[in-house]
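# Close look at the chain arrangement
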Amino acid sequence: MVMAVTRAMRQALIAEMRRHTGVGDAIAEAFLTVPRHVFLPETPVEQVYRDEAIVTKRGADGMPTSSSSQPTIMAAMLGQLAVRPGDRVLEIGAGTGFNAALLAALTGPDGEVVSVDIDPDLVATARSNLEDAGYSGVTVVASDGAEGFAEGAPYDRIIATVGAWDLAPAWLDQLAPGGRIVVPLDLYGVQRSVALERAHRQTSGRWRSVSVLSCGFMRMRGPLAGPERYEVLDPDSGLTIFLPDGRDADGVLGALEGRVTAQAVTTGLPVDPAVLFDGFSLWLAVHEPRWCTLSEAAGTRLPPSPLTVQGVSVTAGIRDGGGIALLTAEKTGRDAGWGVGYPSQVEEVVARGYGPDGARLAGELAAHARTWLAAGRPMTDTLHIDAYPACMSVSTAPTTPLLEKRHTTLAITWPAG
């Protein structure tokens with residue numbers, strides 16, 4: 001009876017996932033076969049089979065350090081990976097072991113799956129869960145994922161299930177010719193799941209993206225950790241700033257509290273959270289080194305934000321010195337003309353400045369918005385990334401954003417834009 005109930009839940013979950021993304025038959029069968037509840041034994045089974053991430057471990061500061069990822073993004077990344085029966089697969093980040101079990105189901109009896117995690121507790125838990133679920137053939141190793149696992153190389157496929165600021169040289173070295181790697185890669189504070197393959201021989205050393213998807217993962221610790229930082233500005237309201245380059249946030253709270261507000265600058269951006277954060281925020285991140293995001297749970301300090309996620313307001317902007325400019329969603333006062341029962345005023349996204357140089361920063365933020373609109377509103381699905389070794393000379397168009405990492409330089413383009 002329990003088996004029948006959980007199977008029905010799995011079928012319902014797969015149907016929900018297919019409403020949001022293209023889940024192939026082999027991946028759907030893997031989700032149907034592998035019992036997620038075995039990997040989350042302390043979570044109510046009704047929650048296990050919802051299409052949502054589940055936090056499984058927190059640090060001393062209360063922040064999540066590990067989770068079971070949202071099934072939809074797991075399926076999408078497995079689709080990017082394009083695992084074949086008999087493949088040798090390396091996974092960076094063991095988590096609960098659930099994704100490793102899915103990989104084992106996809107590679108079949110002739111394949112091999114190795115999962116590496118820096119946290120010994122997670123390794124022990126993943127091993128136990130895999131054993132209980134009947135996937136004892138998966139090798140789970142306690143080691144720094146940045147080093148990969150040379151003993152099992154070469155791999156046909158490598159997938160990271162944690163956010164990486166850079167591509168580890170060991171991963172690329174351990175990938176077999178014709179192989180593919182999928183990584184939640186940091187693009188100056190914005191994560192995207194990037195599937196990469198080696199480029200043609202005449203450009204030896206270059207890797208090219210074959211698909212890019214939106215994603216959000218906990219970031220790696222150790223040598224692949226980036227400089228980004230979160231800083232809580234107000235514990236009571238949960239007001240938090242994210243700074244991709246690790247700068248301090250001095251002056252930001254004072255600027256917001258002072259309400260020294262410049263006149264709002266029209267951006268022309270649509271009041272559409274998906275467009276704003278899948279498209280414009282990505283554009284802003286790779287073109288504007290001063291960009292940042294602000295979020296707040298209580299909604300008492302931030303101006304009206306263009307995005308709310310589970311009760312948390314989120315917006316993006318530019319921070320420079322003690323001033324800041326933010327995207328806000330405001331009613332313009334103009335009659336929308338939609339009649340009774342509909343909003344009476346037009347709502348639009350504007351740039352509003354606070355503190356010193358707020359007016360200048362608002363103008364610059366609005367200028368980025370107009371440039372993005374003029375470029376054809378490029379989104380994640382048309383993004384292309386070329387990754388070059390840091391020692392390699394990169395020749396691109398002058399307008400191509402280059403993100404310099406420790407080991408690689410990323411060239412960002414929108415060919416279809």
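Report on the accompanying structure. Note that this is a predicted model, so its numbers are computed, not measured.

Thresholds applied
- Residues numbered from 1 in each chain as written.
- Predicted model: local features only at pLDDT ≥ 70, side-chain atom pairs only at ≥ 80, totals over all residues.
- Heavy atoms only, no water.
- Buried < 20%, exposed > 50% of the residue type's maximum accessible area, 1.4 Å probe, protein only.
- Helix = DSSP H or I, 4+ residues; strand = E, 2+ residues; numbered from the N terminus.
- 1 Å grid on protein atoms, 1.4 Å probe; cavity = no way out; pocket = protein on both sides within 12 Å on 5 of 7 lines; lining within 4 Å.
- Points joined across faces, edges and corners; volume = space filled by probe spheres on them.
- Contact = heavy atoms within 4.5 Å.
- Axes fitted to C-alpha atoms, helices over the stretch in contact; angles between N-to-C directions.
- Parallel < 35°, antiparallel > 145°, perpendicular 65-115°, else oblique.
- Left-handed = near helix turned anticlockwise from the far one by under 90°.
- Nonpolar A, V, L, I, M, F, W, Y, C, P; charged D, E, K, R; others polar.
- Pairing = 2+ DSSP bridges.
- Right-handed = clockwise from strand over helix to strand, strands pointing away.
- Core = buried A, V, L, I, M, F, W, Y, C linked by side-chain atoms within 4.5 Å.
- Domains from an automatic or database assignment.
- Expected span 1.5 Å × (residues − 1).
- Arc of directions from axis to C-beta.
- Salt bridge = Lys/Arg side-chain N within 4 Å of Asp/Glu carboxyl O.

The subject of this paragraph is helix α6 (residues 98-107). Burial runs high along α6: nine of the ten residues are buried. Looking at α6, one finds that the buried residues are Phe98, Asn99, Ala100, Ala101, Leu102, Leu103, Ala104, Leu106 and Thr107. Positive phi shows up at glycine 108, right after α6, with a value of about 75°.

Before going further, it helps to spend a moment on empty space enclosed by the protein. To find the voids left in a structure, one rolls a probe of water-molecule size over its atoms. The tally for this structure, following the rule as stated, stands at one cavity of 30 Å³ or more. Empty space within the largest cavity amounts to approximately 50 Å³.

Another point: the environment of proline 223. Positionally, proline 223 belongs in the loop between β9 (207-214) and β10 (229-234). Counting along the chain gives 60 residues from proline 223 to tryptophan 283, while the straight-line C-alpha distance between them is 27 Å. When sequence neighbours within four positions are dropped, the list of residues in contact with proline 223 reads Asp144, Ala146 and Arg406.

Right, let's get into the packing of helix α10 (residues 273-287) against helix α11 (residues 358-374). When two helices pack together, their arrangement is given by the angle between the helix axes and by the axis-to-axis distance. One way to put it is that α10 packs onto α11 with a least axis distance of 10 Å and a crossing angle of 115°. Relative to α11, the element α10 is oriented roughly perpendicular. As for how α10 packs across α11, the hand of that crossing is right-handed. Counting all contacts with α10, which are made through Val275, Gly279, Phe280, Trp283, Leu284 and His287, the residues of α11 involved are Leu365, His368, Ala369, Thr371 and Trp372. Among the residues forming the contact of α10 with α11, the class breakdown is seven nonpolar, four polar and no charged.

Attention now moves to the layout of surface pockets. The space that makes up the second largest pocket amounts to roughly 280 Å³. Around the second largest pocket, the lining is made up of 15 residues, and of these Phe39, Leu40, Glu42, Thr56 and Thr125 lie nearest the centre. Of all elements in the fold, only β1 (54-58) and α7 (120-133) reach the threshold of two or more residues within the lining of the second largest pocket. Its residues assigned to classes, the lining of the second largest pocket comprises six nonpolar, six polar and three charged.

Moving on, we get to the pairing of strand β3 (residues 88-92). Within a regular strand, the side chains alternate between the two sheet faces. Burial analysis of β3 places four of its five residues in the buried class, which makes it a mostly covered element. As paired strands, β3 and strand β4 (residues 112-117) are joined by five bridges and run parallel to one another. Opposite glutamate 91, over in β4, you have serine 115 as the bridge partner. Each parallel crossover has a hand, and the one from β3 via α6 to β4 is right-handed. Where β3 meets strand β6 (residues 155-160), four bridges bridge the pair, whose relative direction is parallel. The residue of β6 that forms the bridge with isoleucine 92 is alanine 160.

The next point concerns the environment of glycine 376. Position of glycine 376 relative to the elements: it lies in the loop between α11 and β18 (384-389). Relative accessible area serves as the criterion here: at 49%, glycine 376 is assigned to the partly exposed category. Sequence separation of glycine 376 and tryptophan 414 is 38 residues, and the distance between their C-alpha atoms is 9.9 Å.

In this structure, Trp171, Ile181, Leu187, Phe280 and Ile412 are the most contacted members of the largest nonpolar core, which totals 57 residues. Take this core: its biggest share by element is eight residues, from α10. Split by domain, the residues of this core number at least three in each of domain 1 (54-214) and domain 2 (229-375). Sequence-distant contacts of tryptophan 171, that is, excluding residues within four places in its chain, are made with Ile92, Gly145, Ala146, Gly148, Ile158, Ala160, Ala164, Asp166, Ile181, Val183, Met220 and Leu224. If you look at the next biggest cluster of nonpolar residues, it comprises 46 residues, including Leu13, Leu40, Met77 and Leu102.

Taking 1.5 Å of rise per residue, the 17 residues of α11 would be expected to cover 24 Å, and the 24 Å separating its terminal C-alpha atoms lies within 8% of that figure. Along α11, the positions that sit buried rather than exposed are Gly358, Leu361, Ala362, Leu365, Ala366, His368, Ala369 and Trp372. Down the axis, α11 shows its buried residues gathered within 150° of arc, on one side only. Seen from the buried face of α11, the exposed residues on the opposite side, beyond 90 degrees, are Ala359 and Ala374. Immediately downstream of α11, the backbone of glycine 376 shows phi near 95°, a positive value.

One pass over the structure, following the stated rule, counts 22 salt bridges. The closest approach of N and O atoms between arginine 229 and glutamate 231, which form a salt bridge, is 2.9 Å. Its relative accessible area of 30% is what places arginine 229 among the partly exposed residues. In this structure, glutamate 364 engages arginine 290 in a salt bridge whose closest nitrogen and oxygen atoms are separated by 2.7 Å. Remark: arginine 290 occurs in the loop between α10 and β13 (291-296) and glutamate 364 occurs in helix α11; sequence separation between them is 74 residues. Several salt bridges share partner residues, and in doing so they unite Glu288, Arg290, Asp320, Asp357, Arg360 and Glu364 into one network.

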